[in-house]
Amino acid sequence: MVAQVESPIKVEVSRARKCQRLVATTYDNNIASDYTEKIEALNRQFRYANNNAHYWSDPGQSVTYGTPLYDSATSAQRLALNHLHWFANYNYISDSESETVAFNQITGSVFKSIGGYETLAEELTVETEQEYQHINAFRKIGLMTATSVIGKSGLNALLKWNSYKLKLGQDKVPTYQYYALRAIAKRMSRDTRAHYSDYLNQAEAQSPFILQAPTTGMLGRSLEFSVPLQSFFSFSWGAGSPFMACQFYTIRMIANLYLKNMEHGIAKYYKTLENTGEFIPAPTAVSRYHFLDEAFHTTISQLLAKDLYREFDKPTAYERFVANISLYMMQRGTLGGLSGVLPHRYFADDGTIMEVLYRLLQGPVFGMAADEALHWMQLCLCQEHDGFHLARSNRNRLLGELRRFFQPVEYLWPINRDMQVMAKRGSIDAALRQNKITFDQFSRSVAA
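Residues numbered from 1 in each chain as written. Predicted model: local features only at pLDDT ≥ 70, side-chain atom pairs only at ≥ 80, totals over all residues. Heavy atoms only, no water.

**Digging into empty space enclosed by the protein**
Reasoning step 1: Counting across every chain of the model gives 4 cavities of 30 Å³ or more.
Reasoning step 2: Its boundaries defined by the atoms lining it, the largest cavity holds a volume of some 120 Å³.
Reasoning step 3: If you go around the largest cavity, the residues you meet are Ile93, Ser96, Glu97, Thr100, Glu131, Met218, Arg252, Ala255, Asn256, Leu259, Glu294 and His297.
Reasoning step 4: For the lining of the largest cavity, the elements supplying multiple residues, two or more each, are α4 (75-114), α11 (242-276) and α12 (282-306).
Reasoning step 5: Here the second largest cavity defines a volume of roughly 100 Å³. (1 Å grid on protein atoms, 1.4 Å probe; cavity = no way out; pocket = protein on both sides within 12 Å on 5 of 7 lines; lining within 4 Å. Points joined across faces, edges and corners; volume = space filled by probe spheres on them. Helix = DSSP H or I, 4+ residues; strand = E, 2+ residues; numbered from the N terminus.)

**Observations regarding the confidence of the model for the protein**
Reasoning step 1: Of the residues in the protein, 93% reach a pLDDT of 70 or more, and the chain-wide mean stands at 91.
Reasoning step 2: Predicted confidence is poor over residues 1-11, with pLDDT under 50, and the contacts of this stretch with residues over four places away or in other chains come to 1 contact.
Reasoning step 3: The model gives residues 163-171 a pLDDT under 50, and that stretch makes 17 contacts with residues more than four places away or in other chains. (pLDDT = per-residue confidence, 0-100. Contact = heavy atoms within 4.5 Å.)

**Topic: the packing of helix α14 (residues 351-362) against helix α15 (residues 370-382)**
Reasoning step 1: Interhelical geometry of α14 versus α15 gives an angle of 135° and a closest axis separation of 9 Å. By the angle between their axes, α14 is oblique relative to α15. Viewed along their axes, α14 and α15 form a crossing whose handedness is right-handed. Of the residues in α15, those in contact with Met354, Leu357, Tyr358, Leu361 and Gln362 of α14 are Ala370, Ala373, Leu374, Trp376, Met377 and Leu381. (Axes fitted to C-alpha atoms, helices over the stretch in contact; angles between N-to-C directions. Parallel < 35°, antiparallel > 145°, perpendicular 65-115°, else oblique. Left-handed = near helix turned anticlockwise from the far one by under 90°.)

**Observations concerning unusual backbone geometry**
Reasoning step 1: Of note, Phe225 is a non-glycine position whose phi angle comes to about 55°, a positive value.
Reasoning step 2: The residue Phe225 is located in the loop between α9 (218-222) and α10 (227-238) in this model.
Reasoning step 3: Phe225 sits in the buried class, given a relative accessible area of 15%.
Reasoning step 4: The phi angle at Met419 is positive, at roughly 50°, despite the residue not being glycine.
Reasoning step 5: Tracing the backbone through its elements, the reader meets Met419 in the loop between α17 (414-417) and α18 (420-424).
Reasoning step 6: Taking the relative accessible area as the measure of exposure, Met419 reaches 2% and is therefore buried. (Buried < 20%, exposed > 50% of the residue type's maximum accessible area, 1.4 Å probe, protein only.)

**Quick word on the pattern of salt bridges**
Reasoning step 1: Taken as a whole and judged by the stated rule, the model has 9 salt bridges.
Reasoning step 2: Here Arg139 and Asp95 are joined by a salt bridge, their closest N and O atoms 3.1 Å apart. Taken as a pair, Arg139 in helix α5 (residues 118-150) and Asp95 in helix α4 lie far apart in primary sequence, 44 residues in all.
Reasoning step 3: One salt bridge connects Glu204 with Arg182, and the closest N-O pair in it is separated by 2.7 Å. Residue Glu204 is found in helix α8 (residues 198-206), and its partner Arg182 is found in helix α7 (residues 175-188); the two are separated by 22 residues along the sequence.
Reasoning step 4: A relative accessible area of 18% means that Glu204 is categorised as buried.
Reasoning step 5: Take Arg182: its relative accessible area is 22%, and that puts it in the partly exposed class. (Salt bridge = Lys/Arg side-chain N within 4 Å of Asp/Glu carboxyl O.)

**Comments concerning the packing of aromatic side chains**
Reasoning step 1: Going through the model one piece at a time under the given rule, you end up with 28 aromatic pairs.
Reasoning step 2: With a centroid separation of 6.1 Å and 75° between ring planes, the pair formed by Phe243 and Tyr309 is classed as edge-to-face. With a gap of 66 residues between them, Phe243 in helix α11 and Tyr309 in the loop between α12 and α13 (317-332) connect regions that are remote in the sequence.
Reasoning step 3: Overall, the relative accessible area of 1% leaves Phe243 in the buried class.
Reasoning step 4: Of the aromatic side chains, those joined through ring pairs into one cluster are Phe46, Tyr48, Trp56, Trp86, Tyr90 and Phe138.
Reasoning step 5: It is Arg221 that lies over the ring of Phe347; its NZ or CZ is 3.9 Å from the centre.
Reasoning step 6: Looking at Arg345, its charged tip hangs above the ring of Tyr92, at a distance of 5.2 Å from the centre. (Phe/Tyr/Trp six-rings, centres within 6.5 Å; stacked < 30°, edge-to-face > 60°. Lys NZ or Arg CZ within 6 Å of the ring centre and 35° of its normal.)

Structure representation (structure tokens):
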């Protein structure tokens, strides 16, 4: 008996219809949901004093969980460490969602101009509006929490210490790099001027630089807070190539899975409290509704990154190169290390998190002197403990999810499809060696 082979044309038509149906269904369900509205209401009503007597997630989602500091902490101190974990993670997530706001608009303009993808463009517009509300809630709740846990003086010191924040407002961008990379992004792309992002056109009309300062989320960190590099990828994803517009969503999918790896546990914690009739803290509810909102966003990311790009012309050699470089840099950046004090962060502990710990330990919750604070920090950052092993376990789970997602993406280099860089950078020994160097630098800066 001769096996029947399905016609490639039928396969293409079937996939196109499936993509269109999924976009329409996701859009309808997203519009009908009220998760963003619930986040807005919780944000308006939030007061730290009304929520500080409860855990906001499982205790395992606490700053310094599994360290000697956590083991010796009082019940009140452990609550504060749990709340600070929420602040630290959602502060980073809000920076990352600020990046998504821009790139949704860049790529959405491309899809809108192609024709036949108006619903997709509308869905991206809705997602952008939702991201604004998410960012507002994360920042307000987070800052109110940090002010209570670290203190105003500690929070001000943290903002001054944060090296990449210091770059904000310093708009002396090396113009030769900016214009050279912009020219490469535009000229090396295929002739797609008809679909060039209208959002980019408007941004360029308003300012000679579409970015006045580096973004500070997952992409910005991975691109080393470089304005020229971030502008290069902005022009690449918005140059009018449908493939490149889809390819951005491989980057967004990393952010979606990164967030899910942390937030799914909080959503389960919410359900446990709900089922037992216990008090549900507002930040826990915000996380749960955000988790539900992000499910729509993740569906769109997955569709564009794995299926929709196949509906367009195959990528050129240049486009494949740019696509792979962006993923490679994400592996080196936001996925390039292991934290000893934040169990759901996957890059090395840096001066910023050390400043958070230093101010926390000297703040109202712990009340330590400077020398005592540095002693406990050294135990948490520079010696092996259970916290490192928990972080590695969380990291390995994310690594497995990313590998499964990227396996069928045909244009990827093996180093990206198998997430080889991320896999090599998850060693506890390597994290300890790096932390000793960074902590020594931090200690000397404090002494100075």
